[in-house]
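What follows is each chain in one-letter form.
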Amino acid sequence: IDDDAIFGSALQVSGTTTLTTATSTGLTVNGNISGSGRLEIDDDAIFGSALQVSGTTTLEGNVGIGGTPSTALHVQATDPRIRAEATAGNHPGFELSEDGTRKWVIYNDPDSSDNLTFKSTHDRLELTPSGNLHLKADGSAIKMGIHDDVTFTHDSTSGLTIAATPITINST
């Protein structure tokens, strides 16, 4: 097809098919495109409504949601959110890896009252739903815990001031 192609019903193609156009309208399909095998698009693909893909999808280049992408994944909106949702009792989160090796995981831990947990080789930092903060060295023992009302202030003349009622410091 060397010019605009508009199909109001079905188009069935077997084998390799190349669509080219000299105009900006390209290929317009009012309905569904379905098939098996490979769909390759060498330039921009614009979908005016919804795109639904099942199976494994590989995208090369940057992906933009709500705008033109400037990074691998770029989400742009007035108040954008990215949601990671797991089934009940599981650990939704985000994994940071380098060269195929996991370095950090940020996840919700349903096993410990829904703490937001930062993990490298072990759990390193936990933020509880009530606002308490736990810093850990080996993943189990709390090295520093901040509970209730604690204020840290610093200035050049008096140094670091910790204000809490009561304040308890334990050392092992």
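Scoring rules and cut-offs
- Residues numbered from 1 in each chain as written.
- Predicted model: local features only at pLDDT ≥ 70, side-chain atom pairs only at ≥ 80, totals over all residues.
- Heavy atoms only, no water.
- Helix = DSSP H or I, 4+ residues; strand = E, 2+ residues; numbered from the N terminus.
- Contact = heavy atoms within 4.5 Å.
- Areas by Shrake-Rupley, 256 points an atom, 1.4 Å probe, with all protein chains shown as cover.
- Buried < 20%, exposed > 50% of the residue type's maximum accessible area, 1.4 Å probe, protein only.
- Pairing = 2+ DSSP bridges.
- Salt bridge = Lys/Arg side-chain N within 4 Å of Asp/Glu carboxyl O.

> Could you clarify how one ought to interpret the overall build of the protein chain in this entry?
Looking only at helices and strands, the protein chain features 0 helices and 12 strands. A separation of at least 24 residues holds for 1% of the contacts in the protein chain among residues at least 6 apart in sequence. Surface summary for the protein chain: the accessible area is close to 14,500 Å², and the carbon and sulfur share equals 50%.

> Whenever I open this one, the environment of T78 confuses me. Can you help?
The residue T78 is located in the loop between β4 (73-75) and β5 (93-98) in this model. Taking the relative accessible area as the measure of exposure, T78 reaches 86% and is therefore exposed.

> Even after reading the chapter, I still don't get unusual backbone geometry, so can you show me in this structure?
Note: most residues except glycine have negative phi, and most peptide bonds are trans. A positive phi angle, near 50 degrees, is found at D99, a position not held by glycine. For D99, a relative accessible area of 78% puts it in the exposed group. Even without being a glycine, D114 presents a positive backbone phi close to 65 degrees. Mapped onto the secondary structure, D114 falls in the loop between β6 (101-109) and β7 (115-119).

> Can you walk me through the pairing of β5 in this structure?
Alignment of β5 against β6, held across 6 bridges, turns out to be antiparallel. Across the sheet, L96 pairs through a bridge with W104, a residue of β6. Adjacent in sequence and paired antiparallel, β5 and β6 are bridged by 2 residues, among which D99 carries a positive phi angle near 50 degrees.

> Can you help me understand the side chain of D109 in this one?
Considering the arrangement of structural elements, one finds D109 in strand β6. Contacts of D109, omitting those with residues within four sequence positions, involve H91, D114, N115, T117 and D123.

> Please clarify how the pattern of salt bridges should be interpreted in this entry.
Two side chains that carry opposite charge are able to pair once their charged atoms sit near each other. This model, assessed by the stated rule, comprises 2 salt bridges. We note a salt bridge from R81 to D79, for which the minimum N-O separation is 2.9 Å. Where E85 meets R83, a salt bridge forms, and the shortest distance between an N and an O atom there is 3.0 Å. You'll find E85 and R83 in the same group, each marked exposed.

> Which parts of the structure should I look at to understand the pairing of β6?
Across a regular strand the side chains alternate sides, sitting on one face of the sheet and then on the other. In this structure, β6 lies alongside β7, joined through 5 bridges in antiparallel fashion. Within β7, the position partnered with D109 by the bridge is N115. Where β6 hands over to β7, the hairpin turn is made up of 5 residues, of which S113 adopts a positive phi near 60 degrees.

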